[in-house]
Amino acid sequence: IFDFFFFQAEDGIRDAQESRGLGDVYKRQDIFRFPEFRIAQSGSSRAYHGDLVFDEVFEWIKEQDNRHLVEVNSNEALDILLNECKVLVTLIGRVSPQEQEIVINLAKIQPDLVFIHVFNDQILKKNYYQGEAKVIMLRTFREKVLEFNGNIEHQALEEFVESHRYETLRELDDDLQDKILKEKKKALVILHDPHKEASTHALTPFGHAADDLYGKIICVIVNYNTYYGERLFKILRLEKRDAPKVYILEPTENNIKKYLLKGPITLENIINFYSRYVDGEEQPYWKSETTQYRNDKLVKKAVQDNFKYLVIDSEKDVLVNFYSKQSDETVKYKPIFKDLAQNQALEDSNLLLVRINGSQNDVEHLFVNHFPTVLLFLRGAKETPVHYYGIPDAQALYDWVNQERREHEGYVVEKLVLSDTSGRKFQDEL
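In this text the structure is predicted, and so the values were computed from the model without any measurement. (Residues numbered from 1 in each chain as written. Predicted model: local features only at pLDDT ≥ 70, side-chain atom pairs only at ≥ 80, totals over all residues. Heavy atoms only, no water.)

## So, the packing of aromatic side chains
- For the structure on display, the rule yields eight aromatic pairs.
- Centroid distance F307 to F377: 6.0 Å. Interplanar angle 75°. Geometry classified as edge-to-face. With F307 in helix α11 (residues 304-312) and F377 in strand β18 (residues 373-377), the pair connects residues that are 70 residues apart, well separated along the chain.
- In textbook terms, an aromatic cluster arises when at least three aromatic residues are bridged by ring pairs, as seen for F307, F322 and F377.
- Over the aromatic face of Y323 sits the side chain of R355, whose NZ or CZ is 4.1 Å from the ring centroid. (Phe/Tyr/Trp six-rings, centres within 6.5 Å; stacked < 30°, edge-to-face > 60°. Helix = DSSP H or I, 4+ residues; strand = E, 2+ residues; numbered from the N terminus. Lys NZ or Arg CZ within 6 Å of the ring centre and 35° of its normal.)

Now the structure itself:
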């Protein structure tokens, strides 16, 4: 870390702040010691002279007593904070001691936000802000800067910070995941793979759309290379190759409806897409494998497109195995269903066996996220399937099916296997 950077020019020695001679350097050396941070407190400040590594900088900030306002004196220092902090409340240029004190007092009561003071407005003008406001809010992902144009007074500034403290655009984390999956909040999301140039470029129009839709819908970046991003990809039955794509997620009681933006990812297309969704003009997107296969086997294969026909509309009881090729556990049920088809269920004309790749197919009105999952859809109660939690064994599974049949109110046993003594006894009693 150098206090100054000098280089030789034809007309003399100059420094990196574009001074016009060596004398200017001496005049300004107490102000521009860059790159560095300072902690501004009432009537004093403390300087940071360590390495420009965020963890070290932030640890130093936390160690300072009564830390309230961080003075930032270089582009590098500003980048360090902006790349890691979600929101920066930024005081710009020379201000009066009274104005600085107002900002410091506001920072005292907002400990979860980072307040910074950039004396040299040229630092901001290079990459972030070219306006004339004295206070702005900078956000992660380089979103539109929010300006505070009034006089620096405590109440007005506090209202400004409170109304804009939450980002319009955030990367998926545990808090946002809970809002979507548990609190059933709708969200506009972009699937992002940082290793794809097209995906990175798509963040810019998506960020502008998030600004325009602020307060109307949660806007989220789902980064595949993060734990929460990869998990949501799997939950939504999406793959890394799907990035970049924009969806509206609408969680319901039993599923998550996905609405897909068709066409290029532009600001205009995203805003129009959201407007059509609000007006009810968009249809949900349900992922489905193709149906180009013979379905005359004892165990039928279902996909999203024929699930309703095979399962919901069937006049039989339907036992469905949801599997995923990525799960080793799901392999156990393939021979079990084959055994069932060739033995117990062979003579049971009222039982249909079905398998569906749950990681490649959505099912409308039904959200299955764990594989393997075995569900029984009984006649007259197809909207409330029963979950099997027993051991992976053909006879145990079939005994459970018959037990559920008996307990199902109004169910009439038309035919059971003769070897099933409990079933025969129940049939005799009927």
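## Observations concerning the confidence of the model for the protein
- For the protein, the mean per-residue pLDDT works out to 79, and 77% of the residues sit at or above 70.
- This model gives residues 1-35 a pLDDT under 50, and the stretch forms 51 contacts once residues within four places in sequence are excluded.
- Throughout residues 411-430 the model reports pLDDT below 50, and contacts reaching past four residues in sequence, or to other chains, amount to 28 contacts. (pLDDT = per-residue confidence, 0-100. Contact = heavy atoms within 4.5 Å.)

## Let's talk about the pattern of salt bridges
- Under the criterion given, the structure shown has 15 salt bridges.
- E230 is paired through a salt bridge with K234; the nearest N and O atoms lie 3.8 Å apart. Of this pair, E230 and K234 both sit in helix α9 (residues 227-235), four residues apart, roughly one helical turn.
- With a relative accessible area of 31%, E230 lands in the partly exposed category.
- Note that R276 and E282 form a salt bridge whose closest N and O atoms lie 2.7 Å from each other. (Salt bridge = Lys/Arg side-chain N within 4 Å of Asp/Glu carboxyl O. Buried < 20%, exposed > 50% of the residue type's maximum accessible area, 1.4 Å probe, protein only.)

## Here we look at the sheet that holds strand β13 (residues 245-251)
- Reading across the sheet, the five strands line up as β10-β12-β11-β13-β14 and stay open at both edges, with mixed pairing between neighbours. Taken across any chain shown, the strands that pair with only one partner, and hence form the sheet edges, are β10 (170-171) and β14 (256-260).
- Inspection of the sheet shows strand β11 (residues 187-192) paired to strand β12 (residues 218-223) by six bridges, in the parallel sense. Paired with A187 across the bridge in β12 is I218.
- Relative to β13, helix α10 (residues 267-278) is tilted by about 25°, and along the sheet it contacts β11, β13 and β14. (Pairing = 2+ DSSP bridges. Axes fitted to C-alpha atoms, helices over the stretch in contact; angles between N-to-C directions.)

## Some words on helix α7 (residues 174-181)
- Taken together, the buried positions of α7 are L176, Q177 and I180. Projection of α7 onto a plane perpendicular to its axis shows the buried side chains occupying an angular sector of 105°, all on one side.
- Buried residues along α7 sit in contact with β10, β11, β12, α9 and β13.
- Measuring from the side-chain oxygen of the N-cap residue of α7 to the backbone nitrogen of D175 gives 3.2 Å; that N-cap residue is D173. (Arc of directions from axis to C-beta. Polar contact = N/O pair within 3.5 Å; in protein donor to acceptor, adjacent residues only side chain to side chain.)

## Brief notes about unusual backbone geometry
- Along the chain, A243 connects to P244 via a cis peptide bond; the corresponding omega equals 0°.
- Cis rather than trans, the peptide bond between F371 and P372 has omega equal to 5°.
- Along the polypeptide, P372 turns up in the loop between β17 (351-357) and β18.
- Phi at R237 is positive, roughly 60°, even though this residue is not glycine.
- Along the chain, R237 turns up in the loop between α9 and β13.
- Judged by its relative accessible area of 6%, R237 is buried.
- Although it is not a glycine, H365 sits at a positive phi angle of roughly 70°.
- Turning to its location among the elements, H365 is positioned in the loop between β17 and β18.

## A word on the packing of helix α12 (residues 333-342) against helix α13 (residues 394-407)
- For the pair α12 and α13, interaxial distance at closest approach is 9 Å and the crossing angle is 65°. Crossing handedness for the pair α12 and α13: right-handed. Contact with α12, carried on its side by I336, F337, D339 and L340, involves A394, L397 and Y398 of α13 and no other residues of that element.
- Split into classes, the residues belonging to the contact of α12 with α13 amount to six nonpolar, no polar and one charged. (Left-handed = near helix turned anticlockwise from the far one by under 90°. Nonpolar A, V, L, I, M, F, W, Y, C, P; charged D, E, K, R; others polar.)

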